[in-house]
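# Structural overview for review
Residue-level listing of the chains:
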Amino acid sequence: MTTSAPDAAADPATWPAELAQARLHVVSGKGGTGKTTVAAALALALATGGKRVLLIEVEGRQGIAQVFDTAPLPYEERRIAVAPDGGEVRALAIDTEAALLEYFEMFYKFGMAGRTLRRMGAIEFATTLAPGLRDVLLTGKAKECVARTDPDGRPTYDAVVVDAPPTGRLVTFLDVTKAMADLAKVGPIHSQAKGVDKLIHSPETAVHLVTLLSDLPVTETLDAVDELEAARIPLGTVVVNRMREQWLPDRSVTAAAGGRVDANRIRHGLQSAGIELDEAEIDGLVEETVEHAVAVASETEALTRLDTEPDPPLPRVTLPALLGGVDLGTLYELAEIMTEQGVHVEGRR
(Lines give C-alpha, C1' and ligand atoms only; values in the text may rest on other atoms or scores of the structure.)
Protein backbone atom coordinates (compact mmCIF):
# COMPACT_ATOMS: atom_id res chain seq x y z
CA MET A 1 0.00 0.00 0.00
CA THR A 2 1.59 3.28 -1.10
CA THR A 3 1.50 6.17 1.37
CA SER A 4 2.44 8.99 -0.98
CA ALA A 5 0.08 11.95 -1.39
CA PRO A 6 -2.72 11.57 -3.96
CA ASP A 7 -2.59 13.35 -7.29
CA ALA A 8 -5.16 15.49 -9.06
CA ALA A 9 -7.13 12.40 -10.03
CA ALA A 10 -8.09 11.73 -6.42
CA ASP A 11 -11.41 10.10 -5.72
CA PRO A 12 -14.06 12.86 -5.57
CA ALA A 13 -15.57 11.08 -2.54
CA THR A 14 -12.62 12.57 -0.61
CA TRP A 15 -14.81 15.68 -0.27
CA PRO A 16 -18.45 14.54 -0.37
CA ALA A 17 -21.05 16.84 -1.90
CA GLU A 18 -22.63 17.64 1.47
CA LEU A 19 -19.36 19.19 2.69
CA ALA A 20 -19.56 21.73 -0.13
CA GLN A 21 -22.82 22.92 1.46
CA ALA A 22 -21.38 23.34 4.97
CA ARG A 23 -20.85 26.90 6.13
CA LEU A 24 -18.91 26.32 9.37
CA HIS A 25 -15.75 24.22 9.13
CA VAL A 26 -14.17 23.36 12.50
CA VAL A 27 -10.57 22.09 12.43
CA SER A 28 -9.10 20.22 15.39
CA GLY A 29 -6.42 17.67 16.11
CA LYS A 30 -3.99 16.46 18.72
CA GLY A 31 -1.37 19.05 19.62
CA GLY A 32 1.55 18.97 17.20
CA THR A 33 -0.38 17.58 14.23
CA GLY A 34 -0.41 20.93 12.41
CA LYS A 35 -4.08 21.84 12.84
CA THR A 36 -3.47 25.60 12.50
CA THR A 37 -1.56 25.11 9.26
CA VAL A 38 -4.32 22.82 7.97
CA ALA A 39 -7.02 25.32 8.98
CA ALA A 40 -5.18 28.09 7.12
CA ALA A 41 -4.72 25.94 4.00
CA LEU A 42 -8.38 24.87 4.16
CA ALA A 43 -9.49 28.51 4.27
CA LEU A 44 -7.41 29.24 1.16
CA ALA A 45 -8.78 26.16 -0.62
CA LEU A 46 -12.38 27.07 0.17
CA ALA A 47 -11.79 30.65 -1.00
CA THR A 48 -10.46 29.48 -4.37
CA GLY A 49 -12.64 30.57 -7.27
CA GLY A 50 -13.85 33.91 -5.98
CA LYS A 51 -15.19 32.86 -2.58
CA ARG A 52 -14.88 34.87 0.64
CA VAL A 53 -13.83 32.89 3.70
CA LEU A 54 -13.28 33.93 7.30
CA LEU A 55 -10.60 32.13 9.33
CA ILE A 56 -11.14 32.37 13.09
CA GLU A 57 -8.67 31.76 15.91
CA VAL A 58 -10.05 31.09 19.40
CA GLU A 59 -7.05 30.10 21.53
CA GLY A 60 -5.22 33.44 21.75
CA ARG A 61 -1.96 32.03 20.36
CA GLN A 62 -1.81 34.24 17.23
CA GLY A 63 -1.04 31.07 15.30
CA ILE A 64 -2.84 32.34 12.19
CA ALA A 65 -0.70 35.48 12.12
CA GLN A 66 2.41 33.32 12.36
CA VAL A 67 1.57 30.97 9.49
CA PHE A 68 0.56 33.89 7.26
CA ASP A 69 3.66 35.84 8.38
CA THR A 70 1.69 38.91 9.33
CA ALA A 71 1.35 41.18 12.36
CA PRO A 72 -0.68 39.92 15.35
CA LEU A 73 -4.37 40.03 14.55
CA PRO A 74 -6.65 42.45 16.39
CA TYR A 75 -10.25 41.74 17.33
CA GLU A 76 -11.52 42.70 13.91
CA GLU A 77 -11.96 40.92 10.58
CA ARG A 78 -8.99 41.68 8.37
CA ARG A 79 -8.00 40.45 4.92
CA ILE A 80 -4.81 38.42 5.15
CA ALA A 81 -4.62 36.56 1.82
CA VAL A 82 -5.89 36.52 -1.74
CA ALA A 83 -6.94 33.09 -2.96
CA PRO A 84 -6.54 31.79 -6.51
CA ASP A 85 -9.09 33.03 -9.06
CA GLY A 86 -10.15 36.06 -7.09
CA GLY A 87 -11.11 34.72 -3.68
CA GLU A 88 -10.04 36.19 -0.37
CA VAL A 89 -9.39 35.02 3.17
CA ARG A 90 -10.10 37.27 6.12
CA ALA A 91 -8.99 36.42 9.64
CA LEU A 92 -10.27 37.14 13.13
CA ALA A 93 -8.55 36.42 16.44
CA ILE A 94 -11.36 36.36 18.99
CA ASP A 95 -10.46 38.05 22.26
CA THR A 96 -12.70 36.73 25.02
CA GLU A 97 -12.85 40.02 26.88
CA ALA A 98 -13.67 42.02 23.75
CA ALA A 99 -16.27 39.44 22.75
CA LEU A 100 -17.93 39.69 26.17
CA LEU A 101 -18.02 43.49 25.99
CA GLU A 102 -19.52 43.22 22.51
CA TYR A 103 -22.03 40.74 23.90
CA PHE A 104 -22.97 43.06 26.78
CA GLU A 105 -23.51 45.93 24.37
CA MET A 106 -25.51 43.82 21.91
CA PHE A 107 -27.89 42.21 24.39
CA TYR A 108 -27.82 44.40 27.48
CA LYS A 109 -26.78 47.84 26.11
CA PHE A 110 -24.17 48.13 28.87
CA GLY A 111 -21.89 50.44 26.88
CA MET A 112 -19.76 52.37 29.38
CA ALA A 113 -20.78 49.97 32.15
CA GLY A 114 -19.17 47.13 30.22
CA ARG A 115 -15.88 49.00 30.04
CA THR A 116 -16.13 49.65 33.76
CA LEU A 117 -16.54 45.90 34.30
CA ARG A 118 -13.32 45.35 32.39
CA ARG A 119 -11.40 47.77 34.62
CA MET A 120 -12.79 46.02 37.69
CA GLY A 121 -11.65 42.62 36.45
CA ALA A 122 -15.24 41.39 36.52
CA ILE A 123 -14.99 39.93 33.03
CA GLU A 124 -12.08 37.66 33.94
CA PHE A 125 -13.92 36.71 37.10
CA ALA A 126 -17.09 35.84 35.17
CA THR A 127 -15.37 33.68 32.58
CA THR A 128 -13.28 31.93 35.25
CA LEU A 129 -16.34 31.25 37.37
CA ALA A 130 -18.28 29.95 34.35
CA PRO A 131 -15.82 28.48 31.82
CA GLY A 132 -18.76 27.51 29.63
CA LEU A 133 -19.47 31.20 29.12
CA ARG A 134 -16.09 31.61 27.43
CA ASP A 135 -16.95 28.88 24.93
CA VAL A 136 -20.38 30.39 24.28
CA LEU A 137 -18.70 33.72 23.51
CA LEU A 138 -16.22 32.11 21.13
CA THR A 139 -18.63 29.84 19.30
CA GLY A 140 -21.31 32.51 19.42
CA LYS A 141 -19.05 34.91 17.52
CA ALA A 142 -18.41 32.21 14.90
CA LYS A 143 -22.17 31.68 14.60
CA GLU A 144 -22.73 35.40 14.13
CA CYS A 145 -20.19 35.45 11.29
CA VAL A 146 -21.85 32.45 9.60
CA ALA A 147 -25.30 34.04 9.85
CA ARG A 148 -24.32 37.60 8.93
CA THR A 149 -25.73 38.96 5.67
CA ASP A 150 -25.22 42.10 3.59
CA PRO A 151 -28.01 44.64 2.92
CA ASP A 152 -29.19 42.49 0.01
CA GLY A 153 -29.63 39.46 2.27
CA ARG A 154 -26.63 37.56 0.90
CA PRO A 155 -24.22 35.84 3.32
CA THR A 156 -21.15 37.92 4.08
CA TYR A 157 -18.98 34.79 3.97
CA ASP A 158 -19.23 31.68 1.83
CA ALA A 159 -17.59 29.73 4.64
CA VAL A 160 -16.15 30.23 8.11
CA VAL A 161 -13.18 28.11 9.25
CA VAL A 162 -12.43 27.83 12.97
CA ASP A 163 -9.00 26.80 14.23
CA ALA A 164 -10.49 25.04 17.25
CA PRO A 165 -8.96 23.74 20.51
CA PRO A 166 -7.22 20.32 20.41
CA THR A 167 -9.32 17.16 20.26
CA GLY A 168 -9.10 16.59 24.01
CA ARG A 169 -11.28 19.65 24.60
CA LEU A 170 -13.17 19.76 21.33
CA VAL A 171 -16.58 18.37 22.33
CA THR A 172 -16.66 20.50 25.48
CA PHE A 173 -15.88 23.55 23.34
CA LEU A 174 -18.59 22.78 20.77
CA ASP A 175 -21.38 21.37 22.95
CA VAL A 176 -22.15 24.71 24.58
CA THR A 177 -25.75 23.94 25.53
CA LYS A 178 -24.59 21.37 28.09
CA ALA A 179 -21.93 23.74 29.35
CA MET A 180 -24.49 26.50 29.94
CA ALA A 181 -27.39 24.35 31.19
CA ASP A 182 -26.89 25.20 34.85
CA LEU A 183 -25.83 28.81 34.30
CA ALA A 184 -28.74 30.33 32.42
CA LYS A 185 -32.20 28.91 31.96
CA VAL A 186 -33.63 31.95 30.16
CA GLY A 187 -32.52 35.24 28.69
CA PRO A 188 -29.96 36.30 26.05
CA ILE A 189 -27.21 33.93 27.21
CA HIS A 190 -29.59 30.99 26.99
CA SER A 191 -30.83 32.11 23.57
CA GLN A 192 -27.26 32.57 22.33
CA ALA A 193 -26.31 29.07 23.48
CA LYS A 194 -29.41 27.58 21.84
CA GLY A 195 -28.59 29.30 18.55
CA VAL A 196 -25.02 28.01 18.64
CA ASP A 197 -26.26 24.52 19.50
CA LYS A 198 -28.63 24.53 16.52
CA LEU A 199 -25.83 25.48 14.12
CA ILE A 200 -23.26 23.06 15.58
CA HIS A 201 -25.65 20.11 15.28
CA SER A 202 -26.82 20.97 11.76
CA PRO A 203 -25.52 19.97 8.30
CA GLU A 204 -24.12 23.50 8.01
CA THR A 205 -21.28 22.41 10.32
CA ALA A 206 -18.45 19.98 9.55
CA VAL A 207 -15.69 19.01 11.99
CA HIS A 208 -12.39 18.04 10.38
CA LEU A 209 -9.81 16.11 12.42
CA VAL A 210 -6.10 16.48 11.66
CA THR A 211 -3.79 13.57 12.37
CA LEU A 212 -0.31 12.29 11.70
CA LEU A 213 0.22 8.65 10.80
CA SER A 214 1.53 7.54 14.17
CA ASP A 215 -0.14 5.64 16.96
CA LEU A 216 -1.01 8.36 19.49
CA PRO A 217 -2.46 10.94 17.04
CA VAL A 218 -4.50 8.24 15.26
CA THR A 219 -5.81 6.87 18.57
CA GLU A 220 -6.81 10.36 19.73
CA THR A 221 -8.46 11.02 16.36
CA LEU A 222 -10.52 7.84 16.60
CA ASP A 223 -11.49 8.70 20.18
CA ALA A 224 -12.62 12.14 18.98
CA VAL A 225 -14.71 10.51 16.24
CA ASP A 226 -16.52 8.46 18.89
CA GLU A 227 -17.08 11.52 21.10
CA LEU A 228 -18.38 13.66 18.25
CA GLU A 229 -20.73 10.92 17.09
CA ALA A 230 -22.03 10.47 20.64
CA ALA A 231 -22.66 14.24 20.82
CA ARG A 232 -24.34 14.13 17.37
CA ILE A 233 -21.95 16.74 15.98
CA PRO A 234 -21.42 16.35 12.20
CA LEU A 235 -18.07 14.96 11.13
CA GLY A 236 -16.29 16.16 8.02
CA THR A 237 -12.99 14.59 6.98
CA VAL A 238 -9.89 13.16 8.53
CA VAL A 239 -6.94 15.21 7.29
CA VAL A 240 -3.79 13.09 7.20
CA ASN A 241 -0.97 15.61 7.49
CA ARG A 242 2.73 15.28 6.62
CA MET A 243 2.43 11.93 4.85
CA ARG A 244 5.85 10.84 3.70
CA GLU A 245 6.55 9.92 0.09
CA GLN A 246 7.14 6.20 -0.33
CA TRP A 247 10.15 5.51 -2.53
CA LEU A 248 10.28 1.73 -2.07
CA PRO A 249 7.94 -0.54 -4.07
CA ASP A 250 5.23 -2.13 -1.92
CA ARG A 251 6.72 -5.61 -2.29
CA SER A 252 10.03 -4.43 -0.78
CA VAL A 253 8.68 -2.64 2.28
CA THR A 254 8.10 -5.69 4.48
CA ALA A 255 11.53 -7.19 3.79
CA ALA A 256 13.34 -3.89 4.28
CA ALA A 257 11.41 -3.12 7.47
CA GLY A 258 12.68 -6.45 8.79
CA GLY A 259 16.26 -5.45 8.02
CA ARG A 260 16.54 -7.60 4.90
CA VAL A 261 18.33 -5.23 2.52
CA ASP A 262 20.87 -6.53 -0.02
CA ALA A 263 23.85 -4.17 0.18
CA ASN A 264 25.51 -5.83 -2.84
CA ARG A 265 22.42 -5.20 -4.96
CA ILE A 266 22.51 -1.53 -3.99
CA ARG A 267 26.22 -1.33 -4.82
CA HIS A 268 25.82 -2.97 -8.23
CA GLY A 269 22.84 -0.77 -9.06
CA LEU A 270 24.81 2.34 -8.27
CA GLN A 271 27.82 1.10 -10.24
CA SER A 272 25.64 0.47 -13.28
CA ALA A 273 24.59 4.12 -13.02
CA GLY A 274 28.22 5.20 -12.83
CA ILE A 275 28.20 5.94 -9.09
CA GLU A 276 30.95 4.58 -6.85
CA LEU A 277 30.49 4.67 -3.06
CA ASP A 278 32.67 3.32 -0.32
CA GLU A 279 31.54 0.72 2.22
CA ALA A 280 30.58 3.30 4.87
CA GLU A 281 28.37 5.15 2.40
CA ILE A 282 26.70 1.91 1.30
CA ASP A 283 26.07 1.01 4.94
CA GLY A 284 24.52 4.44 5.44
CA LEU A 285 22.17 3.86 2.48
CA VAL A 286 21.16 0.48 3.87
CA GLU A 287 20.40 2.03 7.27
CA GLU A 288 18.31 4.80 5.67
CA THR A 289 16.41 2.23 3.62
CA VAL A 290 15.54 0.20 6.70
CA GLU A 291 14.45 3.32 8.61
CA HIS A 292 12.28 4.44 5.68
CA ALA A 293 10.67 1.01 5.35
CA VAL A 294 9.91 0.85 9.09
CA ALA A 295 8.26 4.27 8.93
CA VAL A 296 6.24 3.36 5.83
CA ALA A 297 5.06 0.11 7.40
CA SER A 298 3.97 1.98 10.53
CA GLU A 299 2.10 4.60 8.49
CA THR A 300 0.39 1.90 6.44
CA GLU A 301 -0.82 0.27 9.65
CA ALA A 302 -2.14 3.65 10.86
CA LEU A 303 -3.96 4.18 7.56
CA THR A 304 -5.55 0.76 7.94
CA ARG A 305 -6.90 1.80 11.34
CA LEU A 306 -8.40 4.97 9.85
CA ASP A 307 -9.98 2.94 7.05
CA THR A 308 -11.44 0.18 9.21
CA GLU A 309 -12.14 1.35 12.76
CA PRO A 310 -14.71 4.10 12.06
CA ASP A 311 -17.81 2.48 10.58
CA PRO A 312 -18.27 3.72 7.94
CA PRO A 313 -14.78 5.20 7.44
CA LEU A 314 -14.59 8.96 7.18
CA PRO A 315 -13.59 10.74 3.96
CA ARG A 316 -9.88 11.49 3.96
CA VAL A 317 -7.84 14.45 2.71
CA THR A 318 -4.12 13.77 2.47
CA LEU A 319 -1.33 16.34 2.69
CA PRO A 320 2.34 15.53 2.05
CA ALA A 321 5.33 16.30 4.22
CA LEU A 322 6.94 19.41 2.72
CA LEU A 323 10.56 20.40 3.26
CA GLY A 324 11.58 23.76 4.67
CA GLY A 325 8.88 24.41 7.24
CA VAL A 326 5.65 26.36 6.83
CA ASP A 327 5.50 29.71 5.08
CA LEU A 328 2.98 31.51 2.89
CA GLY A 329 4.13 29.64 -0.20
CA THR A 330 3.63 26.35 1.65
CA LEU A 331 0.05 27.30 2.53
CA TYR A 332 -0.77 27.97 -1.11
CA GLU A 333 0.82 24.67 -2.10
CA LEU A 334 -1.21 22.78 0.51
CA ALA A 335 -4.39 24.62 -0.53
CA GLU A 336 -3.82 23.58 -4.14
CA ILE A 337 -3.37 19.96 -3.06
CA MET A 338 -6.67 20.22 -1.19
CA THR A 339 -8.53 21.62 -4.19
CA GLU A 340 -7.11 18.80 -6.33
CA GLN A 341 -8.83 16.43 -3.89
CA GLY A 342 -12.16 18.16 -4.40
CA VAL A 343 -12.18 20.58 -1.47
CA HIS A 344 -14.52 23.48 -2.24
CA VAL A 345 -17.61 25.32 -1.02
CA GLU A 346 -20.69 26.28 -2.99
CA GLY A 347 -20.88 30.06 -3.19
CA ARG A 348 -23.85 31.78 -1.54
CA ARG A 349 -23.05 35.43 -2.10
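The structure we're discussing is the one just above.
Report on the accompanying structure.

Scanning the protein from N- to C-terminus turns up 14 helices and 8 strands. When each of the 349 residues of the protein is scored for burial, the buried share is 47%. Sequence-distant contacts, at least 24 apart, represent 76% of the contacts inside the protein between residues at least 6 apart. On the protein, roughly 16600 Å² of surface is accessible, and the fraction owed to carbon and sulfur atoms is 53%.

Turning our eyes to something else, we now look at the nonpolar core. Ranked by size, the top nonpolar core spans 45 residues in total, and within it Leu24, Ile56, Val160 and Leu174 carry the most contacts. Among the elements that make up this core, the one with the highest residue count is helix α6 (residues 131-147) (7 residues). The contacts of Leu174, once residues within four sequence positions are left out, are Val26, Ile200, Val207, Leu228 and Ile233. In this structure, Leu55, Ala93, Val161 and Leu331 belong to the second largest nonpolar core, which totals 42 residues.

Let's shift gears to helix α14 (residues 328-340). In this model α14 runs 19 Å from its N-terminal to its C-terminal C-alpha over 13 residues, within 8% of the 18 Å that 1.5 Å per residue would give. Buried within α14 we find Thr330, Leu331, Leu334, Ala335, Ile337 and Met338. Burial along α14 is one-sided: seen end-on, the buried residues are contained in an arc of 160 degrees. Those residues of α14 that are buried lie in contact with α1 (35-47), α2 (63-67) and β8 (316-320). Measuring from the backbone nitrogen of Gly329 back to the side-chain oxygen at the start of α14 gives 3.1 Å, which picks out Asp327 as the cap. Gly342 sits one or two positions beyond α14 and adopts a positive phi of about 95 degrees.

Turning next to the sheet that holds strand β2 (residues 52-57). What the 8 strands build is an open sheet, ordered β3-β4-β2-β5-β1-β6-β7-β8; its pairing is mixed. Either end of the sheet is taken by a strand with one partner, and the two such strands are β3 (78-82) and β8. Each neighbouring strand pair of the sheet contributes to a mean axis angle of 25 degrees, computed without reference to strand direction. As judged from the 4 bridges shared by strand β6 (residues 205-211) and strand β7 (residues 235-243), these two strands associate in the parallel manner. For Val207, the partnering residue across the bridge sits in β7 and is Leu235. Across the sheet, α14 touches β3 and β8, and the angle it forms with β8 is around 145 degrees.

For the rest of this paragraph, the subject is α1. Note: α-helices contain 3.6 residues per turn, so residues at a spacing of three or four share the same orientation. Over its 13 residues, α1 extends 18 Å from the first C-alpha to the last, a length consistent with the 18 Å expected when each residue adds 1.5 Å. When you tally the buried positions in α1, you get 13 out of 13 residues, the bulk of the element.

Moving on, we come to the pattern of salt bridges. Opposite charge on two side chains allows them to pair when their charged atoms are near. Evaluated as defined, the whole model comprises 19 salt bridges. Residue Arg61 is joined to Glu59 by a salt bridge in which the shortest nitrogen-to-oxygen separation is 3.5 Å. Between Arg169 and Asp135 there is a salt bridge; the shortest N-O distance is 3.2 Å. With Arg169 in the loop between β5 (159-163) and α7 (170-174) and Asp135 in helix α6, the pair connects residues that are 34 residues apart, well separated along the chain. According to the relative accessible area criterion, Asp135 is buried, its value standing at 3%. Each of Lys35, Glu59, Arg61 and Asp163 takes part in salt bridges that share partners, so that together they form one network.

Quick notes on the rules
Residues numbered from 1 in each chain as written. Predicted model: local features only at pLDDT ≥ 70, side-chain atom pairs only at ≥ 80, totals over all residues. Heavy atoms only, no water. Helix = DSSP H or I, 4+ residues; strand = E, 2+ residues; numbered from the N terminus. Buried < 20%, exposed > 50% of the residue type's maximum accessible area, 1.4 Å probe, protein only. Contact = heavy atoms within 4.5 Å. Areas by Shrake-Rupley, 256 points an atom, 1.4 Å probe, with all protein chains shown as cover. Core = buried A, V, L, I, M, F, W, Y, C linked by side-chain atoms within 4.5 Å. Expected span 1.5 Å × (residues − 1). Arc of directions from axis to C-beta. Polar contact = N/O pair within 3.5 Å; in protein donor to acceptor, adjacent residues only side chain to side chain. Pairing = 2+ DSSP bridges. Axes fitted to C-alpha atoms, helices over the stretch in contact; angles between N-to-C directions. Salt bridge = Lys/Arg side-chain N within 4 Å of Asp/Glu carboxyl O.

By themselves, these figures tell us nothing about what the structure is for.
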